[in-house]
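Architecture at a glance
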Amino acid sequence: MKKSVFIIAALLTSGCMVFAQTSNVKKASSALYQDPVDYDGAHAAIAAAKEDPTTAEDPKTWYVAGRIGYTRANNEWNKRYLNQTPDADVLYDGLSEMYDNYIKADAFDGKEVDKKGNPKFTQRKNIKGDFKEMLIVYYAAGVTLLQNRSFDKSYTMLSEYNAIVDNPMFEAKDKMKIDSTYNEVKYYAAYAALNVGKQEEALKCLTDLTKSDYKDKQGVYEQISNVYMQSGDSVKYLQSLKDGLEQYPQSQYFIGSLVNYFLGCGKYQEALDYVDQVIAKDPTNMEYMNVKAELLNQLKDFEGAKAVISSMFANGKNATNLYLMGKCWATEGSTKQTAAEDIIDNNAYNAAMAEAKNCYVEALKYFEESKSMMSKDDGNYEAMLQIMKALYMQTKGAGSPEYQAVDAELKAL
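Just so you know, these numbers come straight off a predicted model, no measurement behind them.

1. Examining the overall build of the chain
Broken down by element type, the chain carries 18 helices and 0 strands. At 36 Å, the chain has a C-alpha radius of gyration far larger than the 22 Å of a compact globule built from 413 residues. Counting only C-alpha atoms, the chain reaches 130 × 45 × 45 Å along its principal axes. When each of the 413 residues of the chain is scored for burial, the buried share is 44%. The contacts of the chain with a sequence gap of at least 6 include a subset with a gap of at least 24, amounting to 57%. When the accessible surface of the chain is totalled, it reaches about 22,300 Å², and 51% of it is carbon and sulfur. Treating the 47 positive side-chain charges of the chain as one cloud and the 57 negative ones as another, the clouds have centres 7 Å apart.

Structure, rendered in structure tokens:
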């Protein structure tokens, strides 16, 4: 008899515990309909239900927890109708609370099946309705936080937007995914992630966009290259530039970056190969003709460099192409002078030095003409004066008026 009493007592105690936690779920739900809303009471009640084993895996528990966040966010968003500005941080807290709890509620839901073996969802309809209603609010909050430079929160909000749209609870008939907005949100999310050092997350967003119909995919490829460049991953940086150039062969960004990359590595021939690709497609591109002349000069193909520059002269001389021709002659002269230092025969040495000096004289002709056209704000101006000073020393000496004039100008800069 005593054993039966104990069993009955245990069952009664268990039933009371279940009732107590179920009551807490109802209490939390009821608190949302008070005026003003009792958020503290709702949170306290639902926290107890979440911790108790009898209700911890009940989808209703987590739905109500999510509904608390929904109510906070919705009430904040509705301030717009009172000509008030919603607080982006309050929206963030409410929306994140809604998202986290609704996703968990749906994970616990549908474990029972009907006679046909299909899962029976008790909360999904309500969850889907709330997500549909608030989807625009996730977008607005994410963008506002981005504008306010709250990048970490913005990334979370924008990521939750896309995670909602991608969630399998939504079918095509729900019409949740609008590609243009979805892709735009992903780009914003990548930008926010980069600003808080989440490079892997940013790269995932950007890589996804390369497979989409996003309106500015070239910008996406450029951003991927920037991420790898900033991370110092030279292998992936180089590959990203090649990938970008393959997609956008006319892009000055990719060809210019590839040329600069190879120049930085001292790989002038590789840089020249890419420049030739661009010139073949756009023979009138003077910028890349200038780059080609510089590269040929670095490779000591002086005749080739002069030929390129001379072809540009046909369209008119300017400060830049005159400067490049001067550099070409000066480099050739310097190369001849260096080679002469190894010559033992005096006559041969003097002949080689005379050739070098002739190159310097030719270089100065072009530099002087370029100087008459070039603005002092030009990035090449000071470098050209330095070369001219050295050449005047070689050809006329430090006491010459030309040397003195250039020296004085350099000191005045």
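2. Details of the nonpolar core
By size, the foremost hydrophobic cluster in this structure holds 113 residues, and its most contacted members are Leu-95, Phe-131 and Tyr-138. The element that contributes the greatest number of residues to this core is helix H5 (residues 124–147), accounting for 10 residues. In contact with Tyr-138, not counting residues within four places along its chain, are Leu-95, Met-98, Tyr-99, Phe-131, Met-157, Glu-160, Tyr-161 and Ile-164.

3. Some remarks on the pattern of salt bridges
Inspection of every chain in the model, using the stated rule, returns 22 salt bridges. Among the salt bridges present, the one from Lys-198 reaches Asp-152, with a minimum N-O distance of 2.9 Å. Linking Lys-198 in the loop between helix H7 (179–194) and helix H8 (199–210) with Asp-152 in helix H6 (residues 151–166), this pair joins segments that are 46 residues apart in sequence. On the basis of relative accessible area, Asp-152 is assigned to the partly exposed category, the value being 40%. With a shortest N-O distance of 3.9 Å, Glu-409 and Lys-376 are connected by a salt bridge. Here Glu-409 is found in helix H18 (residues 401–412), whereas its partner Lys-376 is found in the loop between helix H16 (346–373) and helix H17 (381–395), with 33 residues between them in sequence.

4. Observations regarding H17
Compared with an ideal rise of 1.5 Å per residue, which puts 15 residues at 21 Å, H17 spans 21 Å between its outermost C-alpha atoms and is within 8% of the ideal. Residues of H17 that are buried in the fold lie against helix H15 (319–340), H16 and H18. In the segment just after H17, Gly-397 is the residue with positive phi, at about 95°.

5. Observations regarding the packing of aromatic side chains
All chains considered together, the criterion is met by 14 aromatic pairs. Through a chain of ring-to-ring contacts, three or more aromatic side chains come together here, namely Tyr-63, Tyr-99, Tyr-102 and Phe-131. Against the face of Phe-121 rests Arg-124, its NZ or CZ located 3.8 Å from the ring centre. In this arrangement the basic side chain of Lys-177 is found over the ring face of Tyr-182, its NZ or CZ atom lying 4.1 Å from the centre.

6. Some points on the side chain of Thr-395
Along the chain, the position of Thr-395 falls in helix H17. At 2.8 Å, the side chain of Thr-395 and the backbone oxygen of Leu-391 are in polar contact. Apart from residues lying up to four places away in sequence, Thr-395 is in contact with Lys-357, Tyr-360, Val-361 and Leu-364.

7. Considerations on H5
In this model H5 runs 33 Å from its N-terminal to its C-terminal C-alpha over 24 residues, within 8% of the 34 Å that 1.5 Å per residue would give. Of all the bends in H5, the largest measures some 45° and sits at Met-134. Arg-149 sits one or two residues past H5 and shows a positive phi near 65°.

8. Some thoughts on unusual backbone geometry
Geometrically, the link from Asp-35 to Pro-36 is a cis peptide bond, its omega value of 5° lying close to zero. The residue Pro-36 is located in the loop between helix H1 (2–31) and helix H2 (39–51) in this model. Positive phi outside glycine occurs at Lys-300, with the angle close to 65°. Inspection of the secondary structure assignment puts Lys-300 in the loop between helix H13 (286–298) and helix H14 (302–313). When its relative accessible area of 48% is taken as the criterion, Lys-300 is described as partly exposed.

9. Observations regarding the confidence of the model for the chain
The predicted model of the chain has a mean per-residue pLDDT of 90, with 95% of residues at 70 or higher. Here residues 1–21 is a poorly scored stretch, pLDDT under 50, and it has 8 contacts once near neighbours within four places are set aside; other chains count.

10. Brief notes about the environment of Tyr-92
Along the chain, Tyr-92 turns up in helix H4 (residues 88–108). Measuring from C-alpha to C-alpha, the distance between Tyr-92 and Tyr-403 comes to 68 Å, with 311 residues separating the pair along the chain. Not counting residues within four places of it along the chain, the set of residues in contact with Tyr-92 comprises Leu-145, Lys-153, Thr-156 and Met-157.

About the criteria used
Residues numbered from 1 in each chain as written. Predicted model: local features only at pLDDT ≥ 70, side-chain atom pairs only at ≥ 80, totals over all residues. Heavy atoms only, no water. Helix = DSSP H or I, 4+ residues; strand = E, 2+ residues; numbered from the N terminus. Rg over C-alpha atoms; globule rule 2.2 N^0.38 Å. Buried < 20%, exposed > 50% of the residue type's maximum accessible area, 1.4 Å probe, protein only. Contact = heavy atoms within 4.5 Å. Areas by Shrake-Rupley, 256 points an atom, 1.4 Å probe, with all protein chains shown as cover. Lys, Arg positive; Asp, Glu negative; His and termini not counted. Charge placed at Lys NZ, Arg CZ, Asp CG, Glu CD. Core = buried A, V, L, I, M, F, W, Y, C linked by side-chain atoms within 4.5 Å. Salt bridge = Lys/Arg side-chain N within 4 Å of Asp/Glu carboxyl O. Expected span 1.5 Å × (residues − 1). Phe/Tyr/Trp six-rings, centres within 6.5 Å; stacked < 30°, edge-to-face > 60°. Lys NZ or Arg CZ within 6 Å of the ring centre and 35° of its normal. Polar contact = N/O pair within 3.5 Å; in protein donor to acceptor, adjacent residues only side chain to side chain. Bend = angle between axes of the 7 residues up to and from the residue. pLDDT = per-residue confidence, 0-100.

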